[in-house]
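Next come the chains, spelled out residue by residue.
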Amino acid sequence: MIVTTAELFRLAYGKYAVGAYNINNMEQALGLFKGHMDAEAPFIIQISKGARKYAGIPMIEAIIRAADQMFPQAIYAVHLDHGDEATCYACIDSGFYSSVMIDASHEPFEQNVAITRRVVERAHAKGLSVEAELGMLGGVEEDISVDEKHTMLTDPLEAKTFVERSGCDSLAVAIGTSHGAYKFKGQQSLHFDRIAAIQQQLPGYPMVMHGSSSVPQDEVARINAAGGALDPSARGVDDNEFKRAASLGVTKVNIDTDGRLVWTRVHREYFQQHPAEFDFRKPGAVYVDEYAKFIVHKSNKLGSAGQLEGVRTALAK
Ligand code: G3H
Ligand code: 13P
Ligand code: ZN
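Residues numbered from 1 in each chain as written. Chains lettered and ligands numbered in written order. Predicted model: local features only at pLDDT ≥ 70, side-chain atom pairs only at ≥ 80, totals over all residues. Heavy atoms only, no water.

## As for the side chain of H210
In step 1: Looking at the element boundaries, H210 is found in the loop between β7 (207-209) and α10 (217-225).
In step 2: Within the structure, H210 has its side chain in polar contact with the side chain of H82 (distance 3.0 Å).
In step 3: The residues touching H210, leaving out its near neighbours within four places in the chain, are D81, H82, M101, E131, L137, A172, T177, H179 and N254. (Helix = DSSP H or I, 4+ residues; strand = E, 2+ residues; numbered from the N terminus. Polar contact = N/O pair within 3.5 Å; in protein donor to acceptor, adjacent residues only side chain to side chain. Contact = heavy atoms within 4.5 Å.)

Take a look at the structure:
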């Protein structure tokens, strides 16, 4: 059952974070739904512009509708990830989405406010909520000082002004994470002081953490042992930190890269071990199971595992 993102946030805020996962194909959808049923967790499906282009808009939506029929107990929201203004409007008008993200974080502050405000007006008129972004998520393997790093993080006072002026319903904040498989070298941690400072300015307001993949070292090692060439020193977010972040108002945690690593590991290992095989359904089925297990693991780390029946009861009232 597709529900609004706002309802999921209202029930989760301060208690646990809802996992938001990108999908591009059928196997990801099957693993995603199966994993969340096994974990008894609510979740958010994210569709990026790239996914809309790769699968085709009718196809990606049909995959989700089909999964909904196969897993009638699932409770989830459908969200546009990193949208531009035109894509936000297309998703708002489609009637399929629960919420959209307008990512104008690369624009100057005033422009970001103005663009976000326009999207909020269109979305709210149709009952959708809007995620916006303020601050700069780190790039790939940046060689920058701690001071420079701090200036890229979301400024708490600016965040308050931004939310008041734009009317956005949740905010993606720069708190030390970055997208992709190459996040940080050495020890890396979330900036909890910054999360707490933003929460102080915006009490009860949902923050979104992008770039939340963990890039597990054992996963990278298995991919490389099976012929891959990923940087073995890559590090991501320690998922043991999710619950602390959730208690400080991080209500949505975006994970994409880790799921891609599961896919890559399963397929590399499968074809290495079965060099004469060409029935792609065999590794496909292994991947669905492995991705479902991965989702159960993440749901436990997020604290969303076991919350499904409580959410169902609350929504029925
Ligand atoms: O943050 C971006 C997500 O990982 C989606 O990636 O644009 O390659 O689909 P994508
Ligand atoms: P990762 O690259 O860390 O999985 O982040 C995904 C994300 O933020 C999608 O919006
Ligand atoms: Zn993102």
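Okay, back to it.
## A word on the site of ligand 2
In step 1: Around ligand 2 sit 15 residues in total, of which D81, K183, S213, D256 and T257 are the nearest.
In step 2: H179 is positioned such that a nitrogen or oxygen atom in its side chain is 3.1 Å from an oxygen atom of ligand 2.
In step 3: S213 is positioned such that a nitrogen or oxygen atom in its side chain is 2.6 Å from an oxygen atom of ligand 2.
In step 4: With the chains in place, 96% of the 310 Å² that ligand 2 exposes on its own is no longer accessible.
In step 5: Residue composition of the shell around ligand 2, by class: one nonpolar, 11 polar and three charged. (Near = heavy atom within 4 Å. Areas by Shrake-Rupley, 256 points an atom, 1.4 Å probe, with all protein chains shown as cover. Nonpolar A, V, L, I, M, F, W, Y, C, P; charged D, E, K, R; others polar.)

## A closer look at the site of ligand 1
In step 1: Neighbouring residues of ligand 1: N22, S48, D81, H82, H179, D256 and R260.
In step 2: The separation between an oxygen atom of ligand 1 and a polar side-chain atom of S48 is 2.6 Å.
In step 3: A distance of 3.3 Å separates an oxygen atom of ligand 1 from a polar atom in the side chain of H179.
In step 4: Contact with the protein chains covers 66% of the free accessible surface of ligand 1, which is 300 Å².

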